[in-house]
Structures are given as structure tokens and as C-alpha cells.
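Structural features, examined
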Amino acid sequence: QDLALYNSRAHGYMPKVPLRGISVRESVSPLWKKRFPPESKGNRGEWDTDSETSMSRIASIENLRDLTLISPMELLAELEQIDALCVRHRDNTSKDRWCVLWDKLHQLKGDLKSVNIDDKFSSTIDLIEALRGENHPANFMSTWLRIRSDVVSFISQR
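In short, a report on the structure.

Calculation notes
Residues numbered from 1 in each chain as written. Predicted model: local features only at pLDDT ≥ 70, side-chain atom pairs only at ≥ 80, totals over all residues. Heavy atoms only, no water. Helix = DSSP H or I, 4+ residues; strand = E, 2+ residues; numbered from the N terminus. Contact = heavy atoms within 4.5 Å. Areas by Shrake-Rupley, 256 points an atom, 1.4 Å probe, with all protein chains shown as cover. Polar contact = N/O pair within 3.5 Å; in protein donor to acceptor, adjacent residues only side chain to side chain. Phe/Tyr/Trp six-rings, centres within 6.5 Å; stacked < 30°, edge-to-face > 60°. Buried < 20%, exposed > 50% of the residue type's maximum accessible area, 1.4 Å probe, protein only. Patch = residues over 30% accessible without salt bridge, like charges linked within 9 Å, V, L, I, M, F, W, Y side chains within 5 Å. Salt bridge = Lys/Arg side-chain N within 4 Å of Asp/Glu carboxyl O. Core = buried A, V, L, I, M, F, W, Y, C linked by side-chain atoms within 4.5 Å. Axes fitted to C-alpha atoms, helices over the stretch in contact; angles between N-to-C directions. Parallel < 35°, antiparallel > 145°, perpendicular 65-115°, else oblique. Left-handed = near helix turned anticlockwise from the far one by under 90°. Nonpolar A, V, L, I, M, F, W, Y, C, P; charged D, E, K, R; others polar.

Here we look at the overall build of the protein chain
Along its length, the protein chain carries 9 helices and 0 strands. Of the contacts made within the protein chain by residues no fewer than 6 positions apart, 57% connect residues no fewer than 24 positions apart. Taken as a whole, the protein chain presents about 11400 Å² of accessible surface, with 53% of it coming from carbon and sulfur.

Here's what the structure looks like:
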């Protein structure tokens, strides 16, 4: 009874486990089609194409998992932004500077988590997390160089 009531009010549900690759499409596609049924060409204009054909074509071009991962170029850009902050304010350990640096490191950590397949970045993520705090850590530069080295070596292997 409760399940029937829930299903009548909700569009569906997603499991509380990470979805990978093709399972994303298999999980979301039926819910999407039920909520947004395909319309005929005439109803939406010329640009509308057969959604079934489009989805299968897109899925055959690239694995969906690859579409959600951050690119190596984006990771390099983040490293360069953090490097620039480190160089620009080398001797300044103020709280304001640290807040900006921590924001960038936190963003890098999130991106590394999204590409952390086979736990390749677990130790790097731990290094970033060890820098968390209100003040600029005394060992920041040595830790940053290790983090940077880990990310660059991963990118060069790809």
C-alpha cells in the first residue's frame, strides 16, 4: 500500500549506490521515457529527432561514464590556477589567501574523487584533506608539490 502510494506520487527512484557506465543509462532511461514520452516530429518542430535513435547513437559514440569524468586538460588547468595562487602570494600566509587556496584545493579534491577509479587518487585525496583547516599549514608547499606530482603523473600515463 505504501509502495503503491509512493509510486503514484514519484517518477521513480535511484539506488543509493554509485552507478557506473552503462548502468546509468539502463537506470535512468526507463524513468526518463516514462516522464517525458517521445513526441512526434510535428509537435516540437524540425529540430526534434527520434529520441531512441539519438540515445543509441550517442551511447555508441562514447561510454556514458566518460561523459561524466573530468578531462585531463581540466585537471591541468586547476593545477595551474593553484600554482598561480602559490606563486603570486608566496610570502603571504594570510587567512584570506588561505580561503581562496582551500576553495581551489577543495574543487580539485572533488574532481579527483570523480575520477578515482581503482582508488588511484585515494592517497592524494587524503593529502588534500590533511590540509583542511582555518589557517595556512606550515607544510603546505611540500604537500602541494606531492599532490601536484601525483596528478601530473596520472595525466601523463593517459
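The rest of the description comes next.
Digging into the side chain of R97
Looking at where R97 falls in the secondary structure, it is placed in helix α7 (residues 95–114). A polar contact of 3.1 Å, which involves the side chain of R97, links it to the side chain of H136.

Comments concerning the packing of aromatic side chains
By the definition in use, this model includes 3 aromatic pairs. The interplanar angle of 80° and the centroid separation of 5.6 Å between the aromatic rings of W98 and F140 together place this pair among those described as edge-to-face. With a gap of 42 residues between them, W98 in helix α7 and F140 in helix α9 (residues 140–157) connect regions that are remote in the sequence. Residue class for W98 comes out buried when judged on its relative accessible area of 1%. Overall, the relative accessible area of 1% leaves F140 in the buried class. Pairing F121 with F154 gives two aromatic rings, centres 4.7 Å apart and planes at 65°, and the pair type is edge-to-face. Taken together, the positions of F121 in the loop between α7 and α8 (122–130) and F154 in helix α9 put the pair 33 residues apart, joining distant regions of the chain. Grouping residues by exposure puts F121 and F154 together as buried. An aromatic cluster is built from W98, W102 and F140, whose rings are joined through pairwise contacts.

Side note on a nonpolar patch on the surface
A grouping of V28, W32 and F36 is seen on the molecular surface, where their side chains present a nonpolar patch of about 310 Å² in accessible area. On the secondary structure map, V28 appears in helix α2 (residues 22–35). Since its relative accessible area comes to 32%, V28 is described here as partly exposed.

Let's talk about the nonpolar core
General note: in soluble globular proteins, nonpolar side chains tend to be found buried as a group. Counting residues in each nonpolar core, the largest one holds 24 residues, and the members touching the most others are L105, L108, L112, F140 and W144. Of all elements in the fold, only α6 (72–88), α7, α8 and α9 reach the threshold of two or more residues within this core. Once residues within four sequence positions are removed from consideration, L112 is found in contact with L75, F121, T124, I125, I128 and V151.

Re the packing of α6 against α9
The geometry of α6 relative to α9 is characterised by a closest axis approach of 10 Å and an angle of 160° between their N-to-C directions. The orientation of α6 relative to α9 falls into the category roughly antiparallel. Along this stretch, α6 crosses α9, giving a crossing that reads as left-handed. Facing P72, L75, L76, L79, I82, D83 and C86 of α6, the residues of α9 in contact are F140, M141, W144, R148, V151, V152 and I155. The residue makeup of the contact of α6 with α9, split by class, is 12 nonpolar, no polar and 2 charged.

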